[in-house]
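# Residue-level structural notes
For reference, the chains in residue letters:
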Amino acid sequence: MKLLHLTLATASALLLSACGSQPDTAQVQIKVSDLSAGVYAVSSGDAASPVEGKYYAAADGSRLLVLNDGGQKAASLYRREGNGAWRMTPAPASDTSLELASSNAISASVASISSLARSYTLRLANGEAASFSINSNGDIVAGSSSCKLTGKLSSSTLPNTLKASLSSNACGDLPAQSDGYLVLDGDYAPASFRLLTSAGNSLLDLWAYAE
């Protein structure tokens, strides 16, 4: 009988503990205007103070939207894998619904890793330059600069983009690891491409120039 009482007491304690530690399953809902497959120059907000950006849409449902600040640096990044849920960086504190004020289709193509195989340099927020190269296998190889930027590029279903995984060492406030996209766009000239990655709630926007 004592063993039965002990077992019941233990079970009750475990049940109460489980209930007390139950995580809050409520999640912030993010909704974004859904455009058909392609690449678009877009804007949100009103005519007096529009926020401009680019929207990349794949046939499999994947989406990438970057909205820029007045200095053409990424202010917010919206991503969706396939037909999954939208994610936003920085993460919103409450439900977010973004309606695009305008969208104009622009040139779209499949990004090629081999066409990017060469040496590049980019400027960090602290003013330091970081050199690296991309080889035909999509490896990002650190150059001679004190900031060592390495990583890997892979194919993406999104037009004008490649998936990018970055690692950094001695690169100022860059996180050690981040993931996102390499984005190609003629509007970025003289920059060759833009690396849009995130780590946790931090958004990285790195513009790379061919050496």
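Attention in this report is confined to the structure presented alongside it. All values derive from a computational prediction rather than experimental measurement.

## Structural notes on the overall build of the chain
- A tally of helices and strands in the chain yields one helix and 16 strands.
- Residues classed as buried in the chain amount to 40% of the 211 residues present.
- For the chain, contacts bridging at least 24 residues in sequence account for 42% of all contacts bridging at least 6.
- Total accessible area computed for the chain in this model is approximately 11,200 Å², and 54% of it derives from carbon and sulfur atoms.

## A closer look at the state of the cysteines
- Overall, the coordinates contain one disulfide when judged by the stated rule.
- Across a sulfur-sulfur distance of 1.9 Å, C147 and C171 are joined as a disulfide pair. Taking the torsion about the S-S bond as the criterion, the C147 to C171 disulfide, at about 95 degrees, is right-handed. Placement of C147 in the loop between strand 11 (139–142) and strand 12 (148–154) and of C171 in the loop between strand 13 (161–169) and strand 14 (177–183) is noted, with a sequence separation of 24 residues between them.
- Residue classification places C147 among the buried residues on the basis of a relative accessible area of 0%.
- Here C171 falls in the buried class, since its relative accessible area comes to 3%.

## Quick notes on the sheet that holds strand 8 (residues 100–106)
- Taking strand neighbours across the sheet as the criterion, the six strands line up as 6-5-4-3-2-8 in an open arrangement whose pairing is antiparallel. Since the sheet does not close on itself, it has two edges, and those belong to strand 6 (87–89) and strand 8, each with one partner. Geometrically, the sheet is characterised by an average inter-axis angle of 20 degrees between neighbouring strands, direction not taken into account.
- Bridging between strand 2 (residues 38–44) and strand 8 involves six bridges; their strand directions are antiparallel. Its bridge partner lying in strand 8, Y40 is registered against A105.

## Brief notes about the environment of W207
- Along the polypeptide, W207 turns up in strand 16 (residues 202–210).
- Taking the C-alpha atoms as reference points, W207 and L196, 11 residues apart in sequence, are found 8.8 Å from one another.
- Not counting residues up to four positions away in its chain, the partners in contact with W207 are Q72, K73, T121, L122, R123, Y188, A191, F193 and R194.
- There is a polar contact of 3.1 Å between the side chain of W207 and the side chain of D205.

## Some thoughts on the sheet that holds strand 15 (residues 193–199)
- As summarised here, the arrangement of the eight strands in space is 9-10-11-12-13-14-15-16, forming a closed barrel in which the pairing is antiparallel. Averaged over all neighbouring strand pairs, the angle between strand axes comes to 30 degrees, with direction disregarded.
- Pairing of strand 11 with strand 12 involves two bridges; the strand directions are antiparallel. Looking at strand 12, one finds that D139 is bridged to K152.

## Let's talk about the nonpolar core
- If you look at the biggest cluster of nonpolar residues, it comprises 25 residues, and the most contacted ones within it are F132, I134, L182 and F193.
- Within the residue set of this core, elements represented by two or more residues are strand 9 (118–123), strand 10 (129–134), strand 12, strand 13, strand 15 and strand 16.
- Once you skip the residues sitting within four places of it in the chain, F193 turns out to touch L116, Y120, F132, I134, L182, V183, L184, L206, W207 and A208.

## Thoughts on the side chain of D185
- Mapping D185 onto the fold places it in the loop between strand 14 and strand 15.
- A distance of 2.5 Å separates a polar atom in the side chain of D185 from a polar atom in the side chain of K54.
- Polar contacts involving the side chain of D185 include one to the main-chain amide nitrogen of D187, which spans 2.8 Å.
- Leave out the neighbours within four places in its chain, and D185 touches K54, Y56 and I106.

## Here we look at the pairing of strand 3 (residues 51–57)
- Burial analysis of strand 3 places five of its seven residues in the buried class, the great majority of the element.
- The hairpin formed by strand 2 and strand 3 contains six residues between the paired strands, and G45 there has a positive phi angle of roughly 85 degrees.
- In terms of strand pairing, strand 3 meets strand 4 (residues 63–68) through five bridges, oriented antiparallel. Counted as the bridge partner of Y56 is L64 from strand 4.
- The hairpin formed by strand 3 and strand 4 contains five residues between the paired strands, and G61 there has a positive phi angle of roughly 100 degrees.

Conventions and cut-offs
Residues numbered from 1 in each chain as written. Predicted model: local features only at pLDDT ≥ 70, side-chain atom pairs only at ≥ 80, totals over all residues. Heavy atoms only, no water. Helix = DSSP H or I, 4+ residues; strand = E, 2+ residues; numbered from the N terminus. Buried < 20%, exposed > 50% of the residue type's maximum accessible area, 1.4 Å probe, protein only. Contact = heavy atoms within 4.5 Å. Areas by Shrake-Rupley, 256 points an atom, 1.4 Å probe, with all protein chains shown as cover. Disulfide = S-S within 2.5 Å. Pairing = 2+ DSSP bridges. Axes fitted to C-alpha atoms, helices over the stretch in contact; angles between N-to-C directions. Polar contact = N/O pair within 3.5 Å; in protein donor to acceptor, adjacent residues only side chain to side chain. Core = buried A, V, L, I, M, F, W, Y, C linked by side-chain atoms within 4.5 Å.

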